[in-house]
Amino acid sequence: MQISKAKIKAWSMLGQRGSIFGVGLKDIASIKDNLKVLSADLSLLSGMDGFIKKYPDKFLQVGIAEQNMIGIAAGLATEGNLVVASTYASFIAVRSLEHVRQNVAYPKANVKIIGSSAGVIAAKSGVSHWATEDLAFMRVLPNMTVLSPCDALEALKCLDYAVSVETPVYIRLSGGLNCPVVYEDDYNFEVGRPYLLKEGRDIAILATGLMVREAMDAALLLEEQGISAAVYNVHTIKPLNKADFNEIFDKYKVIATVEEHNILGGLGSAVAELKAVRDKSPRQIFIGFQDCYTKAGSQRYIWDLAGLTKEKIQEKILIELKGANHD
């Protein structure tokens, strides 16, 4: 996949979902004869039209039957196919969880599960269409790799990695159209390794998904308050490279994890588990949905209620740091 500034801008306009299904899968289909793509009535919304027209024999529309889709995907995988199955994250990771567990994770099926509209991008549709628990559900399944890209370019890199291995992978897509750009140039994507985006002395902010851009902006606001914050993009939720995180834990007295997800079970929990086995670890600030649901509204309205806007992230960190200094 050739990468340029112009392409990155175009992919951003398409969003994470549009980039994967409108660009990435067509490239993969041209070199992977055994590729099969399944959708649960979301091919149009996912931007799959171009793929379907070019590769109609590689596409299956199963309708609004997400659990059946997982069974079909697993069956195709047992016949030697490379399978990509996608629908809303709330339906593929929550409604279909038992089927993912039994038919994909347990037998290590070569199925790539793409949960779109994760987080609260489907804001006004309400909790039924949100996915603020999917990282926890997918992360707890043995044999499952869990990826959470921060922008459209990284979504394509996650897809490239997923189809290069013959094990289950869950890719969480939280961005809509005009997805904010984090990477303006190509970079080396390595599963499991946090990527340092901004240097800092006082605190390390570990963010995932769309929260990476918010964390970068929050760090700039913190600079105005005299707080030097490092920002790491944690695009992999499972597995995590222990050596890299130990370096972060050794360097900082305070870290903050930021995710468009419940603070239980997702990025924050994964990082806390790594810290728990150490003799000395930094204090951790958990920023995300505080084990709650919120009112419906626009995405940014919900982010504000959950404390996930750049302003609220800055505010939370400042309050916690002042509390730590008083202690």
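To be clear, the structure that these remarks concern was listed above.
About the thresholds
Residues numbered from 1 in each chain as written. Predicted model: local features only at pLDDT ≥ 70, side-chain atom pairs only at ≥ 80, totals over all residues. Heavy atoms only, no water. Helix = DSSP H or I, 4+ residues; strand = E, 2+ residues; numbered from the N terminus. Contact = heavy atoms within 4.5 Å. 1 Å grid on protein atoms, 1.4 Å probe; cavity = no way out; pocket = protein on both sides within 12 Å on 5 of 7 lines; lining within 4 Å. Points joined across faces, edges and corners; volume = space filled by probe spheres on them. Nonpolar A, V, L, I, M, F, W, Y, C, P; charged D, E, K, R; others polar. Axes fitted to C-alpha atoms, helices over the stretch in contact; angles between N-to-C directions. Parallel < 35°, antiparallel > 145°, perpendicular 65-115°, else oblique.

**Structural notes on the environment of V120**
- With respect to the helices and strands, the residue V120 is situated in the loop between β4 (111-116) and α6 (134-139).
- As a C-alpha pair, V120 and L308 span 188 residues in sequence and 11 Å in three-dimensional space.
- Not counting residues up to four positions away in its chain, the partners in contact with V120 are W130, T132, E260, F289, Q299, I302 and W303.

**Let's talk about the layout of surface pockets**
- Roughly 240 Å³ of internal volume is contained in the largest pocket.
- The wall of the largest pocket is formed by 16 residues, among which L14, R17, L45, G176 and L177 lie closest to the centre.
- Take the lining of the largest pocket: its biggest share by element is six residues, from helix α1 (residues 5-29).
- Of the residues assigned to the lining of the largest pocket, the class counts are six nonpolar, nine polar and one charged.

**Points about the packing of helix α3 (residues 66-78) against helix α5 (residues 97-105)**
- Two numbers describe how α3 lies on α5: the axes approach to 9 Å, and their chain directions differ by 0 degrees. Taken together, the axes of α3 and α5 are roughly parallel relative to one another. Here Q67, I70, G71 and A74 of α3 lie close against α5, whose contacting residues are H99, V100, N103 and V104.

**Let's talk about the packing of helix α9 (residues 242-251) against helix α10 (residues 267-276)**
- Following both chains from N to C, one finds α9 and α10 inclined at 80 degrees, their axes separated by 11 Å at the closest point. With respect to each other, α9 and α10 are oriented roughly perpendicular. Contact with α9, carried on its side by K242, F245 and F249, involves V271, L274 and K275 of α10 and no other residues of that element.
- Residue classes in the contact of α9 with α10 are distributed as four nonpolar, no polar and two charged.

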